[in-house]
Every structure is written in structure tokens, then in C-alpha cells.
Amino acid sequence: MRIHDDRYQRDQLRHEVALAFIRHEALTHTIRVWTGLTDDRIRKLYRSYIESAPGSGPVRHRGKSPQQPAFFTRSVRAREESSVLASVFRHAGILPRSTTAEGARSLAGPVRGGLLCQAYESYRSLVGTPLITFEHAVFLLAALWRAEELVIGTCRDCGAVVVVDRWAMRAPRCSVCAPPARAAESPR
């Protein structure tokens, strides 16, 4: 009887996380990786619980998941928001202080997926109109987890959390401590 209860709870968690991912407009591939459900089961969940609900349900996007780490460092706003999101990940316990080879294999899972949804909702409440979509948040978490291209650093002046390119030559600075960007010089 105990084995049955554990299996039921595990399946229920996987379905709850899949529904939360669907509400955040995650791609089917992302939902499959994080929950272990089949594509067919994910589509049936969407039709049964989301599509049949009154009102308009979330959009089902198609295509590839984001794959460009430069998205998070390309503008001041992107750097600020990725730093906020990375801080929320750390605070929620999703992103450990250090990563190991074993840890890199165990990132995706229903328990951590539920925490990811809660962290993303917290980020959205902090930012208001977010630049970073849920799919980008999943990619940022994976990139920071692997620490191959993006890492969490601290501002050299104030110690604030910043997301930086791992191979950057200069010590990172947050947007508050960084000097203002020079305006384009006008011709005389």
C-alpha cells in the first residue's frame, strides 16, 4: 500500500508541475524534460484542464527553446532582470552556491520544477512587466547551473548579485554602480 501511495503522490506532483508550466506558456519539450510526462499526456492535460476552462487559456508556443546566453547581458534592463531572477533562484534554493558534475545531471525534476514556477512568479511580482519569459528563465537557470558561459558574480563596488559572462575580463558592476553610458557624440 505504501508503494502505491508514493507513486500516486509522485504522479500527482508531475501533473501539477506540468499544469503550472502550461500556465507559464512553456514549450512541450520543456514540460517533458522537467516532468517526465509524454508529449501526448501533456497535450491531453492542456485540453482537459486549460483549454476547457472558461476564458482564454495560455498560448501554446511552438519552436525551439532559447539558446543564446547573450540575451541576459545584452542591455541594462536584461542584466538587471537576470540578476533579480538569479537572486530569486538562490533564495528559493533552486540554484546552489556551487555546482558539481553530479548536480548538473539532476537539475530538471518535478520538485525543482515546482520551485522554479514559484520563483518565476516571485520574479514577475518584483519586476512588473518582465522582459524574461518563462522559457528564458528555464534557460537562465540551466546556464547558471552549468556555469559554462554565465555565472553569478558580485558587483565590485557594492556586492550586489549580477549575472555575468564567465569569460569577462573586467570585474562586474551592477547597473547602479556602473558609470552612465556615453551619449553618442553629435557632429559639429
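Our subject is the structure listed above.
Given the structure is predicted, the values throughout are model-derived calculations rather than measurements.

**Thoughts on the overall build of the protein**
Consideration 1: Within the protein, the secondary structure is distributed over 7 helices and 2 strands.
Consideration 2: In the protein, the order of α-helices and β-strands from amino to carboxyl end is α-α-α-α-α-α-α-β-β.
Consideration 3: Across the 188 residues of the protein, 35% fall into the buried class.
Consideration 4: Considering only intrachain contacts with a sequence separation of at least 6, the fraction spanning at least 24 residues in the protein is 57%.
Consideration 5: Surface summary for the protein: the accessible area is close to 12,000 Å², and the carbon and sulfur share equals 52%.

**Description of the environment of Ser87**
Consideration 1: Following the sequence through the fold, Ser87 ends up in helix α4 (residues 76-92).
Consideration 2: On the basis of relative accessible area, Ser87 is assigned to the partly exposed category, the value being 29%.

**Comments concerning the environment of Arg156**
Consideration 1: Summarising the element assignment, Arg156 is placed in the loop between β1 (150-154) and β2 (161-165).
Consideration 2: Arg156 sits in the partly exposed class, given a relative accessible area of 48%.
Consideration 3: Remark: the alpha-carbon pair of Arg156 and Cys174, spanning 18 residues in sequence, is separated by 8.3 Å.
Consideration 4: If we ignore the near neighbours within four places in the chain, the residues touching Arg156 are Ala171, Pro172 and Arg173.

**Topic: the packing of aromatic side chains**
Consideration 1: Counting across every chain of the model gives 6 aromatic pairs.
Consideration 2: On the basis of an interplanar angle of 90° and a centroid distance of 5.2 Å, the ring pair of Phe71 and Phe72 is categorised as edge-to-face. Like Phe72, Phe71 is buried.
Consideration 3: Grouping aromatic residues by their ring pairs yields a cluster made of Phe21, Trp34, Tyr120, Tyr123 and Phe134.

**A few points about helix α6 (residues 110-127)**
Consideration 1: For α6, built from 18 residues, the straight-helix expectation of 26 Å at 1.5 Å per residue is met to within 8% by its first-to-last C-alpha distance of 25 Å.
Consideration 2: Phi turns positive one or two residues past the end of α6, at Gly128, with a value near 95°.

**Here we look at the state of the cysteines**
A covalent bond between the sulfur atoms of two cysteines is referred to as a disulfide.
Consideration 1: Inspection of the entire model under this criterion finds 0 disulfides.
Consideration 2: Cysteine Cys155 is unpaired, with the sulfur of Cys158 as its nearest cysteine sulfur at 3.7 Å.
Consideration 3: Left unpaired, Cys158 is separated from the closest cysteine sulfur, that of Cys174, by 3.6 Å.

**Examining unusual backbone geometry**
If a residue is not glycine, its phi is most likely negative; likewise, a peptide bond is most likely trans.
Consideration 1: Backbone geometry places Glu25, a non-glycine residue, at a positive phi of 65°.
Consideration 2: By secondary structure assignment, the location of Glu25 is in the loop between α1 (2-23) and α2 (28-35).
Consideration 3: The phi dihedral of Ala147 falls on the positive side, at around 55°, and the residue is not glycine.
Consideration 4: Turning to its location among the elements, Ala147 is positioned in the loop between α7 (134-146) and β1.

**Points about the layout of surface pockets**
Rolled over the atoms, a probe sized like a water molecule indicates the empty space that remains.
Consideration 1: Estimates place the volume of the largest pocket at around 810 Å³.
Consideration 2: For the lining of the largest pocket, the secondary structure elements donating two or more residues are α4 and β2.
Consideration 3: Ranked by residues supplied to the lining of the largest pocket, first place goes to α4 with 6 residues.
Consideration 4: Per-class residue counts for the lining of the largest pocket are 17 nonpolar, 4 polar and 6 charged.

Cut-offs and rules
Sequence order as written defines the numbering, with residues in each chain counted from 1. Whole-chain, interface and lining totals are the exception, using all residues; otherwise, since this is a predicted model, local features are given only for residues with pLDDT of at least 70 and side-chain atom pairs are given and counted only at 80 or more. Hydrogen atoms and water are omitted, and side-chain values are computed over all heavy atoms in the structure. Secondary structure elements are taken from DSSP: a helix is a run of H or I of four residues or more, a strand is a run of E of two residues or more, and numbering for both begins at the N terminus. For the exposure calls, accessible area comes from a 1.4 Å probe over protein chains only, and a residue counts as buried if that area is under 20% of its type's maximum, exposed if over 50%, partly exposed in between. Whether two residues are in contact is decided by their heavy atoms, any of which lying within 4.5 Å being enough. Surface accessibility follows the Shrake-Rupley procedure with a 1.4 Å probe radius. Residue values consider only the protein chains on display as shielding. In this scheme Phe, Tyr and Trp rings, the latter by its six-membered ring, pair at centre separations within 6.5 Å, and the angle between planes marks the pair as stacked below 30 degrees, edge-to-face above 60, and tilted otherwise. Expected helix span is given by 1.5 Å per residue-to-residue step, counting one fewer step than there are residues. Cysteine sulfur pairs qualify as disulfides if the two atoms are within 2.5 Å. Put plainly, a pocket is an open set of points on a 1 Å grid over the protein atoms alone with protein on both sides within 12 Å along at least five of seven lines, a cavity is a set where a 1.4 Å probe fits but cannot get out, and a lining residue has an atom within 4 Å of a point. Grid points are joined across faces, edges and corners, and a volume is the space filled by probe spheres set on the points. Each residue is assigned to one class: nonpolar for Ala, Val, Leu, Ile, Met, Phe, Trp, Tyr, Cys and Pro, charged for Asp, Glu, Lys and Arg, and polar for all the others, Gly among them.

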